[in-house]
Amino acid sequence: MSQARKIVILPGDGIGPEIIAEGRRVLETVNQQYDLGLSLQTCLFGGAAYDASGSPLPEDTLSACREADAILLGAIGGPQYDTAPRDLRPERGLLGLRSELKLFSNLRPALLYPELADASSLKPELVAGLDLMIVRELTGGIYFGKPRGIEERNGERVGFNTLVYSESEIRRIAVSAFEIARQRGSRLCSVDKMNVLEVSELWREVVIEVGKDYPDVELTHMFVDNAAMQLVRAPKQFDVIVTSNMFGDILSDAAAMLTGSIGMLPSASLDEAGKGMYEPIHGSAPDIAGQGVANPLATILSVSMMLRYTLKETAAADAIDSAVAQVLAQGYRCKDIASGEANEQLINTTQMGDAIIAALQAGADS
Ligand code: NAD
């Protein structure tokens, strides 16, 4: 049996507790099936923590997260917190946690199961079977560069930000992306704007240098404007894309929307040691909270990413991915991914968790 590893679970707000309940049941199932030796601890976070303790990121939650091997987050936020002091809003807790844990590498897969190809805004043949991963630098670049501000110059207001990346920042995100590429299709496309920006010139040089340590990974480069075009023209050409904070912010949302199903997409944010926080890309969906209809698959797939990328439990991760594919092939759908076809069976949040667990158990028995 592996050493005991700690997983901290943060249900959060809105549909967070509902989807996390299913993610947790799936994690408990594979923990037992594969003898993973994981210990699970639930902590308050976001609006729920603010209501209980006056802070969205209480000290005991932060220290549990620091000690954890990995963190599973539901979602945070809701309209009731819009009037809370800015520093105490749930989103502040999330930003605080990401920066406290130095989670600089953001992994956003865009995967479209063949059965859900009709949900995309692109033609099914362009997107069916899409499986790409965007690795976005999360703690540097123009969102954090200084100086920044708005000031009066020559009688008018001027706004300014600074795009800056050090060699070490580029190197560590490149290493993270090459490692991910190795675990997938071994193809990495680095996206920059080298024809215009000096920062991108350095970015490309450093990525090429890092690539020398990964001769088994095929490295290509693309300008960001072309990458945006290629993502909607022929997205299946990509395996892994690595890019800076702002380019990644934009491209990863475009890639996510190629799949057309927000309730299906997981994400991860990793530190230099590979420790990570795993969460669905969607928010707390206050419009459907408490109804038991939220799709838990993005959370369940976040559990699979956690097993694959932090805990290195590939067999358990593969089993969850196959269970999800199988359940979709059987026609089970939550409301957000139902298209009304004859073979579909509409199910709720808990029933989707049940279906995944049944598929995992059937897989173990066969
Ligand atoms: P949202 O992602 O919560 O919801 C957008 C739409 O998608 C809604 O119609 C919702 O019902 C639907 N949806 C989302 N997840 C779903 C699921 N699992 N199953 C079925 N349908 C689903 O985005 P929003 O409405 O803009 O934001 C709501 C709150 O969430 C806000 O307070 C926002 O700040 C917060 N938020 C949190 C995170 C996070 O926790 N990481 C991310 C984004 C937004």
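Summary of the structure given here. Because the structure is a prediction, the values reported are computed rather than measured. (Residues numbered from 1 in each chain as written. Predicted model: local features only at pLDDT ≥ 70, side-chain atom pairs only at ≥ 80, totals over all residues. Heavy atoms only, no water.)

### Some remarks on the site of the ligand
The local shell around the ligand holds 20 residues, among which I76, E91, G283, A285 and D287 are the closest. Here an oxygen atom of the ligand and a backbone polar atom of G283 are 2.7 Å apart. D287 is positioned with one of its side-chain polar atoms (N or O) 2.9 Å from an oxygen atom of the ligand. Contact with the protein chains removes 67% of the 810 Å² of surface that the ligand exposes when unbound. (Near = heavy atom within 4 Å. Polar contact = N/O pair within 3.5 Å; in protein donor to acceptor, adjacent residues only side chain to side chain. Areas by Shrake-Rupley, 256 points an atom, 1.4 Å probe, with all protein chains shown as cover.)

### Regarding helix α12 (residues 349-365)
For α12, spanning 17 residues, the distance from its first C-alpha to its last is 25 Å, which sits close to the expected 24 Å at 1.5 Å a residue. Taken together, the buried positions of α12 are T349, M352, G353, A355, I356, I357, A359 and L360. Elements in contact with the buried residues of α12: α1 (16-33), α10 (297-309), α11 (314-329) and β13 (332-333). A side-chain oxygen of the first residue of α12 lies 3.2 Å from the backbone nitrogen of T350; this N-cap is N348. (Helix = DSSP H or I, 4+ residues; strand = E, 2+ residues; numbered from the N terminus. Expected span 1.5 Å × (residues − 1). Buried < 20%, exposed > 50% of the residue type's maximum accessible area, 1.4 Å probe, protein only. Contact = heavy atoms within 4.5 Å.)

### What about the packing of aromatic side chains?
All told, the structure shown has three aromatic pairs when counted by the stated rule. For the ring pair Y165 and W203, a centre distance of 5.5 Å and an interplane angle of 65° mean the geometry is edge-to-face. Of this pair, Y165 sits in the loop between β7 (156-160) and α6 (167-183) while W203 is found in helix α7 (residues 198-211), placing the two residues 38 residues apart along the sequence. Each of the two residues, Y165 as well as W203, counts as buried. Note on F178 and Y214: the rings are 4.8 Å apart at their centroids and 10° apart in plane angle, and the pair reads as stacked. Remark: Y214 occurs in the loop between α7 and β9 (218-223) and F178 occurs in helix α6; sequence separation between them is 36 residues. A residue is classified by how much of its surface remains accessible, and Y214, at 7% relative accessible area, is buried. If you follow R153 out to its NZ or CZ, it ends over the ring of F160, 4.8 Å from the centre. (Phe/Tyr/Trp six-rings, centres within 6.5 Å; stacked < 30°, edge-to-face > 60°. Lys NZ or Arg CZ within 6 Å of the ring centre and 35° of its normal.)

### Looking at the layout of surface pockets
Of the pockets and cavities examined, the largest pocket occupies roughly 430 Å³. L94, R98, E279, I281 and H282 are, among the 20 residues lining the largest pocket, the residues nearest its centre. Counting residues per element, the ones that place at least two in the lining of the largest pocket are β3 (70-75), α4 (90-100), β4 (105-111), β11 (266-270) and β12 (276-280). In terms of residues, the lining of the largest pocket owes the most to one element, α4, which gives four residues. Here the lining of the largest pocket is composed, by residue class, of eight nonpolar, six polar and six charged. (1 Å grid on protein atoms, 1.4 Å probe; cavity = no way out; pocket = protein on both sides within 12 Å on 5 of 7 lines; lining within 4 Å. Points joined across faces, edges and corners; volume = space filled by probe spheres on them. Nonpolar A, V, L, I, M, F, W, Y, C, P; charged D, E, K, R; others polar.)

### Re empty space enclosed by the protein
In this structure the tally under the stated criterion is one cavity of 30 Å³ or more. Volume-wise, the largest cavity comes out at about 30 Å³. Those elements giving two or more residues to the lining of the largest cavity turn out to be β4 and α9 (245-259). Among the residues forming the lining of the largest cavity, the class breakdown is four nonpolar, one polar and one charged.

### Brief notes about the environment of T162
Positionally, T162 belongs in the loop between β7 and α6. In this view, T162 contacts G141, I142, G145, K146 and P147; residues no more than four positions away in its chain are not counted. At a separation of 2.6 Å, a polar atom in the side chain of T162 contacts the main-chain carbonyl oxygen of P147.

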